[in-house]
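The chain contents come next:
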Amino acid sequence: MTRLYREGRTETVRSCTVDSCNFVRAMCDKSKTKEEKKALLSKATDSHQQGYRDAMTGKGIDRHLFCLYVVSKYLGVDSPFLKEVLSEPWRLSTSQTPHQQTDKLDLVKYPQHISGGGGFGPVADDGYGVSYVVAGEDNIFFHISCKKSFSGTNSFKFGKRITQSLSDIKDLFDL
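Since this is a predicted model, take the numbers as computed values, not measurements.

Novice: An account of the pattern of salt bridges is needed here, citing residue identities and associated values.
Specialist: Summed over all chains, the structure comprises six salt bridges. When the shortest N-O distance is used, the salt bridge between Asp174 and Lys34 registers 2.5 Å. A residue pair is termed long-range when its members are at least 10 positions apart, and Asp174 in the segment after helix 5 (155-172) and Lys34 in helix 2 (residues 34-56) qualify at 140 residues. A salt bridge links Arg91 to Asp126; its shortest N-O distance comes to 2.8 Å. With a gap of 35 residues between them, Arg91 in the loop between helix 4 (80-86) and strand 1 (92-96) and Asp126 in the loop between strand 1 and strand 2 (128-135) connect regions that are remote in the sequence. Since its relative accessible area comes to 25%, Asp126 is described here as partly exposed.

Novice: Hey, could you go over the layout of surface pockets for me, with residue numbers and the actual values?
Specialist: What the second largest pocket holds in volume is close to 290 Å³. Contributing to the lining of the second largest pocket are Thr12, Arg14, Ile61, Asp62, Arg63, Leu65, Phe66, Tyr69, Val85, Leu86 and Trp90. Per-element tally for the lining of the second largest pocket: the top contributor is helix 3 (residues 62-75), with five residues. Class assignment for the residues of the lining of the second largest pocket results in seven nonpolar, one polar and three charged.

Novice: I'd like a rundown of helix 2, residues and numbers included.
Specialist: With 23 residues, helix 2 ought to run about 33 Å at 1.5 Å a step, and its terminal C-alpha atoms sit 33 Å apart, in line with that. Turning to helix 2, its buried residues number three or more, namely Lys37, Leu41, Ala44 and Ala55. Those residues of helix 2 hidden inside the fold are in contact with helix 1 (18-27) and helix 5. Just beyond helix 2, the residue with positive phi is Gly58, at close to 80°.

Thresholds applied
Residues numbered from 1 in each chain as written. Predicted model: local features only at pLDDT ≥ 70, side-chain atom pairs only at ≥ 80, totals over all residues. Heavy atoms only, no water. Salt bridge = Lys/Arg side-chain N within 4 Å of Asp/Glu carboxyl O. Helix = DSSP H or I, 4+ residues; strand = E, 2+ residues; numbered from the N terminus. Buried < 20%, exposed > 50% of the residue type's maximum accessible area, 1.4 Å probe, protein only. 1 Å grid on protein atoms, 1.4 Å probe; cavity = no way out; pocket = protein on both sides within 12 Å on 5 of 7 lines; lining within 4 Å. Points joined across faces, edges and corners; volume = space filled by probe spheres on them. Nonpolar A, V, L, I, M, F, W, Y, C, P; charged D, E, K, R; others polar. Expected span 1.5 Å × (residues − 1). Contact = heavy atoms within 4.5 Å.

Now the structure itself:
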């Protein structure tokens, strides 16, 4: 997450909201019209943008919760609230990897220098780590990883699901 202030803290933007879930459910519901799906997508993106603005201006929750956790450990205070909130399994860990962090390389002029970047691993044995890179207007790279030791995950299948989902959204707009 980009910081609004120089030397400011970063914050996490939670993309799984009620509005994003409503959009995803509608995309899987054949009885929903394209117009209904587009309206739900618009609402989900509005919610995401508000969450992003909140995170940038210090109104996020993740760093606050982490600070409370650190202080509780320092003081030796047992918090049932923190125990419950922080014990939730994170089966999907995602992050954007910024592609162009410098103005030294013009990707429009030198598109052959676009790189897929790197990724990271899952934070749970039964989860996925997904890093994505938006490289210009026409390319998105995904790095998907999971542990082979857990038979219920499959990075290749997960990637195919992402590809299908992007195709479904493209079809939603008749592109």
